[in-house]
Amino acid sequence: MNEKKAARVKKLETEAAELMQKLQGETDIRQKQKLIARRDSIQRKATTIKNNRLISREAKRQLIAYSFIAPNFIGFAVFTLIPVVFAFILAFTNWDGSNPISFAGFANFKALATDTFFLAALKNTLIYVIGTVPLTMVASLALAVVLNQKIRARGLFRTVAFFPYVASLVAITAVWGMIFHPSKGPVNYLLLTVFGVAQQELPKWFSGSLVLFTLTLFSVWKYMGYYMVIYLAGLQGISAELYEAGGLDGANTWQKFRFITWPQLRATTFFVVVMLTINCFKVYDIAVMLAGGGDGKLSTSATVLVYYIYQNAFNYWKLGYSSAVAMVLFALVLLITVIQFRYEKKLNA
Amino acid sequence: MVYIILFIITAIMIVPFLWMLSASIKTNREVFVMDPFVWIPEIPKWDNYIKIWTKIPLLKFVQNTVLLTIVVTLLQIFTSSFAAYSFAKLEFKNKNALFFAYIATIAMPWQVYMVPQFIMMRSMGLNDKLLAMICLQAFSAFGVFMMKQFYAGIPDDLCEAARIDGMNEYRIYARIMLPLSKPALSTLIIFTFVNTWNDYLGPLIYLKTETKKTIQLGLRMFIGQYSAEYGLIMAGSVVSLVPVILVFLCLQKYFVEGVASTGLKG
């Protein structure tokens, strides 16, 4: 193939050279112009063929690269990217999923500002995030530091700490429902018999103002193992020499943590906090299964943003309104991510 | 001292699971007997484990979930590692723009676009089909990002040397990159398997016919229907946990290494 092309290029080049010779002998100005035009066209042809070969080699490389990406990207574009764009548009419409779409401008967002159920969902979500993020971070860091030491059965402890994370919510919330059962559960039984809490003062873990606390407690228990692994990875990146140097300077365990471990883990902590915050804003399944009663309906005291998105979309088919709530969720996540990145930049500066 | 702390933490982590196992072989009356509390009742009710298969179509739920999870996990590891190889080791037009599209959606909660996604799938005639769940979960941005981070850590010289030896890109991927990526692949498998197996909201939205439901939906339905049958509910829960725990135990020795080397540490 390439030889064939090379031969053609050579042929065209000799043709052009012949024309040049003719050109020198020619006196008629019109003939001269014609010959020049022909020569140029032949030369153009030759360069095109030459470039084509180059382009096709480059094109082949591009094609190979794209062929690696395509299987994933096509699925990703169709099932994720398009819906993402669609979500932004929907928030500004009144759509019920079947009738023609009508645009509503900012009406959905205006309505949200006075929607008491939405405001309760927003407040509850924020309380949950503010409670859960620092607690989980501290618990997972503490666990990681302990499990990074050379202790017996370390692998076993690490594995066990990860169990709650891999366990399904449906199964594990059923157990929690029993353990924290207000009248029959072992936790309240302990409070009653060991700590002498009066029968009528026993906490009702899954209702009223206590429910957000129970959600937080459960989340810390379920997710600390996961963030522990991330912290373990971070701890393994700290060089042993730093600790040796610290030891020579007479630093105690706490000082080593305070002045070596903690600063060295800054990037990890940053990552953990960002991920935790984003994940906490997404809370839904936990709330529905832990506090949702039999039918999975949430009371005002336990409602969260994603529940309100779900309810508006799939119970009332108010798709525009639901997407507006989704945009609020997105804006919050974006805001927190941006703030945290700014903060990180400042720290590094 | 360390061991006391560890013991307490481990107890907090594991007691709910032991409670679950214990309750799964008890009668309803025995479950809440605290004084005296026994872990293994005198006459274990093993038939709780038999009843759950007849009270609800548990076998069907398990089959659906196994099929779904295996297909999603396979698609996920192959398409992700494929794309990741290209992003990490090849040059092409619009590379940064395409990769940015992946990154941007990682930060975006799925719940933000789950509604339009559902509408779109419905218009494609995919609702109430397991295929919808596969499409939903098989092409995550997270997988591509994770594998790319791992491949970026493998020296380019390795690929260059193979190219000079006349290997084409497909063979470099299959013979060099894939065998090297065990930790990252294990991590991705654990995440994908666990998430798909345990997913509740996705199937809740898409799967309406009982014969198409997954184990989480089935279990949840079961809890609703037999809310006082604690022994049965716990037996069902144990059954639903066994596969994920097994997969995790098989792959966990690569797990920390995988998380460490894929830049998940930030």
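Residues numbered from 1 in each chain as written. Chains lettered and ligands numbered in written order. Predicted model: local features only at pLDDT ≥ 70, side-chain atom pairs only at ≥ 80, totals over all residues. Heavy atoms only, no water.

## Let's talk about the overall build of chain A
Convention followed: Only DSSP runs of H or I with at least four residues qualify as helices, and only runs of E with at least two residues qualify as strands; both kinds are numbered from the N terminus onward. Each radius of gyration reported is based on C-alpha atoms, and the globular scaling rule is 2.2 Å times the count of residues to the power 0.38. For the exposure calls, accessible area comes from a 1.4 Å probe over protein chains only, and a residue counts as buried if that area is under 20% of its type's maximum, exposed if over 50%, partly exposed in between. Contacts are assigned to residue pairs that have any heavy atoms within 4.5 Å of one another. All accessible areas in this document rest on Shrake-Rupley with a 1.4 Å probe, and a residue is counted as covered only by the protein chains that are shown. His is not counted here, nor are the chain ends, while Lys and Arg score as positive and Asp and Glu score as negative. All charge positions are set by atom: Lys at NZ, Arg at CZ, Asp at CG, Glu at CD.
Per the secondary structure count, chain A includes 14 helices and two strands. For 349 residues, the compact-globule formula gives about 20 Å, and the C-alpha radius of gyration of chain A, at 34 Å, lies well above that figure. With the C-alpha coordinates of chain A rotated into their principal frame, the extents come out at 120 × 70 × 40 Å. The 349 residues of chain A split such that 47% are buried. Here the contacts in chain A between residues at least 6 apart in sequence split such that 65% fall between residues at least 24 apart. Counting only carbon and sulfur atoms, one obtains 63% of the accessible surface of chain A, whose full area is about 18300 Å². The centroid of the 36 positive side-chain charges in chain A is displaced by 1 Å from the centroid of its 17 negative side-chain charges.

## What to know about the overall build of chain B
On a plain count of helices and strands, chain B comes out with 14 helices and zero strands. The order of α-helices and β-strands along chain B, N terminus first, is α-α-α-α-α-α-α-α-α-α-α-α-α-α. Its C-alpha atoms give chain B principal-axis dimensions of roughly 75 × 60 × 30 Å. For chain B, the residues scored as buried account for 55% of the 266 residues in total. Considering only contacts within chain B whose residues lie at least 6 apart along the sequence, 73% involve residues at least 24 apart. Looking at chain B as shown, the accessible area adds up to about 11500 Å², and 67% of this sits on carbon and sulfur atoms.

## Some points on the interface of chain B and chain A
We count it as follows: Salt bridge criterion: a side-chain nitrogen from Lys or Arg within 4 Å of a carboxyl oxygen from Asp or Glu. Under this definition, polar contacts are N or O atom pairs within 3.5 Å; protein pairs additionally need one hydrogen-donor-capable and one acceptor-capable atom, and for neighbouring residues in sequence, both atoms have to be side-chain atoms. Gly falls in the polar group here, along with every residue not listed as nonpolar (Ala, Val, Leu, Ile, Met, Phe, Trp, Tyr, Cys, Pro) or charged (Asp, Glu, Lys, Arg).
If you look at the interface, chain B gives 90 residues, while chain A gives 90 residues. One can count zero salt bridges joining chain B with chain A. For the interface between chain B and chain A, the tally reads 14 residue pairs in polar contact (both at pLDDT 80 or more). Considering every element that reaches the side of chain B that touches chain A, the biggest residue donor is helix H14 (residues 230-261) of chain B, with 15 residues. Residue composition of the side of chain B that touches chain A, grouped by class: 67 nonpolar, 16 polar and seven charged.

## Notes on the nonpolar core
Stated precisely, the cut-off is as follows: Joining through side-chain atoms within 4.5 Å is the link that ties buried Ala, Val, Leu, Ile, Met, Phe, Trp, Tyr and Cys residues into a set, and such a set is a nonpolar core.
Counting 198 residues, the largest nonpolar core has Trp19(B), Tyr85(B), Tyr151(B), Ile205(B) and Tyr206(B) as its most contacted members. With sequence-adjacent residues up to four places away left out, Tyr151(B) is seen in contact with Ser81(B), Ala84(B), Tyr85(B), Ala88(B), Lys89(B), Tyr173(B), Met177(B), Leu178(B) and Ser181(B). Grouped together as the second largest cluster of nonpolar side chains are nine residues, Ala16(A), Leu19(A), Leu23(A) and Ile42(A) included.

## Describing the packing of aromatic side chains
Formally: Pairing of aromatic side chains here covers Phe, Tyr and the six-membered ring of Trp, requires ring centres within 6.5 Å, and sorts the geometry by plane angle: under 30 degrees stacked, over 60 edge-to-face, intermediate tilted. Either the NZ atom of lysine or the CZ atom of arginine qualifies as a charge over a ring when it sits within 6 Å of the ring centre and within 35 degrees of the ring normal.
By the definition in use, this model includes 50 aromatic pairs over all chains. Centroid distance Phe76(A) to Tyr102(B): 4.1 Å. Interplanar angle 15°. Geometry classified as stacked. Within this pair, whereas Phe76(A) is found in helix H2 (residues 29-90), its partner Tyr102(B) is found in helix H5 (residues 95-107), the two belonging to separate chains. Each member of the pair, Phe76(A) as well as Tyr102(B), is classed as buried. Each member of the aromatic cluster is reached from another via a ring pair, and the members are Tyr66(A), Phe73(A), Phe76(A), Phe87(B), Phe92(B), Phe99(B), Tyr102(B) and Phe145(B). A cation over an aromatic ring shows up here: Lys148(B) above the ring of Phe99(B), its NZ or CZ 4.5 Å from the ring centre.

## Quick look at the environment of Ser240(B)
Relative to the elements of secondary structure, Ser240(B) occurs in helix H14. What makes Ser240(B) buried here is its relative accessible area of 0%. In this structure, the C-alpha to C-alpha distance between Ser240(B) and Trp197(B), residues 43 residues apart in sequence, is 8.8 Å. In this structure Ser240(B) touches Ser168(A), Ala171(A), Trp197(B), Ile215(B) and Leu219(B), once residues within four positions along its chain are discounted.

## Details of helix H10 (residues 253-264) of chain A
Put simply, the rule is: Expected span of a helix, by definition, is 1.5 Å for each gap between consecutive residues, and there is one gap fewer than residues.
Across its 12 residues, H10(A) extends 15 Å between first and last C-alpha, which sits within 8% of the 16 Å expected from 1.5 Å per residue. Measuring from the side-chain oxygen of the N-cap residue of H10(A) to the backbone nitrogen of Trp254(A) gives 3.1 Å; that N-cap residue is Asn252(A).

## Brief notes about the pattern of salt bridges
Residue and element names in this part refer to chain B. Summed over the entire model, instances satisfying the criterion amount to six salt bridges over all chains. As a salt-bridge pair, Asp156 and Lys89 come within 2.6 Å of each other at their nearest N and O atoms. With Asp156 in helix H9 (residues 156-164) and Lys89 in helix H4 (residues 58-89), the pair connects residues that are 67 residues apart, well separated along the chain. On the accessibility criterion, Lys89 (11% relative accessible area) is buried.

## Let's talk about the environment of Ile189(B)
Residue and element names in this part refer to chain B. Looking at the secondary structure, you find Ile189 in helix H11 (residues 182-198). Separated by 23 residues in the primary sequence, Ile189 and Gly166 have C-alpha atoms spaced 32 Å apart. Apart from residues lying up to four places away in sequence, Ile189 is in contact with Thr73, Ile77, Val194 and Leu251.

## Concerning a nonpolar patch on the surface
Residue and element names in this part refer to chain B. Let me state the cut-off plainly: Residues enter patches when their relative accessible area tops 30% and they take part in no salt bridge; the joining distance is 9 Å for like charges and 5 Å for the nonpolar side chains Val, Leu, Ile, Met, Phe, Trp and Tyr.
On the surface, a nonpolar cluster with roughly 670 Å² of combined accessible area is contributed by Met1, Ile4, Ile5, Phe7, Ile8 and Ile12. With respect to the element layout, Ile8 can be found in helix H1 (residues 2-23). Classification of Ile8 as partly exposed rests on a relative accessible area of 47%.

## Observations concerning unusual backbone geometry
Even without being glycine, Trp317(A) reaches a positive phi, approximately 55°. Its place among the elements puts Trp317(A) in the loop between helix H13 (305-315) and helix H14 (319-348). Take Trp317(A): its relative accessible area is 30%, and that puts it in the partly exposed class. The phi torsion at Asp128(B) lies on the positive side, around 60°, for a residue other than glycine. With respect to the helices and strands, the residue Asp128(B) is situated in the loop between helix H6 (110-123) and helix H7 (130-137).

## Digging into the packing of helix H4 (residues 116-147) of chain A against helix H11 (residues 266-281) of chain A
Residue and element names in this part refer to chain A. Definition in use: Axis lines are fitted to C-alpha atoms, over the contacting stretch for helices. Their N-to-C directions set the angle, which ranges from 0 to 180 degrees. Should the near helix be turned anticlockwise from the far one by less than a right angle, the crossing is left-handed, and should it be turned clockwise, the crossing is right-handed.
Two elements in contact, H4 and H11, have axes whose closest approach is 9 Å; the angle formed by their N-to-C orientations is 150°. In the packing of H4 onto H11, the handedness of the crossing is right-handed. Of the residues in H11, those in contact with Thr125, Leu126, Tyr128, Val129, Thr132, Val133, Thr136 and Met137 of H4 are Thr269, Val272, Val273, Leu276, Thr277, Cys280 and Phe281. Here the contact of H4 with H11 is built from residues that sort into 10 nonpolar, five polar and no charged.

## Here we look at the environment of Gly292(A)
Residue and element names in this part refer to chain A. With respect to the helices and strands, the residue Gly292 is situated in the loop between helix H12 (285-291) and H13. For Gly292, a relative accessible area of 1% translates into the label buried. Between the C-alpha atoms of Gly292 and Phe206, which are 86 residues apart in sequence, the distance is 8.7 Å. The contact partners of Gly292, leaving out residues within four places of it in the chain, are Ala287, Lys297 and Leu298.

## What to know about the packing of H4(A) against H1(B)
Rule in force here: The cut-offs work like this: below 35 degrees is roughly parallel, past 145 is roughly antiparallel, 65 to 115 is roughly perpendicular, and the gaps in between are oblique.
Between H4(A) and H1(B), the least distance of the axes is 11 Å, while the angle of their chain directions is 125°. For the element pair H4(A) / H1(B), the angle class is oblique. Handedness of the H4(A)/H1(B) crossing: left-handed. In contact with Leu143(A), Val146(A) and Leu147(A) of H4(A), H1(B) contributes Val2(B), Leu6(B), Ile9(B) and Met13(B).

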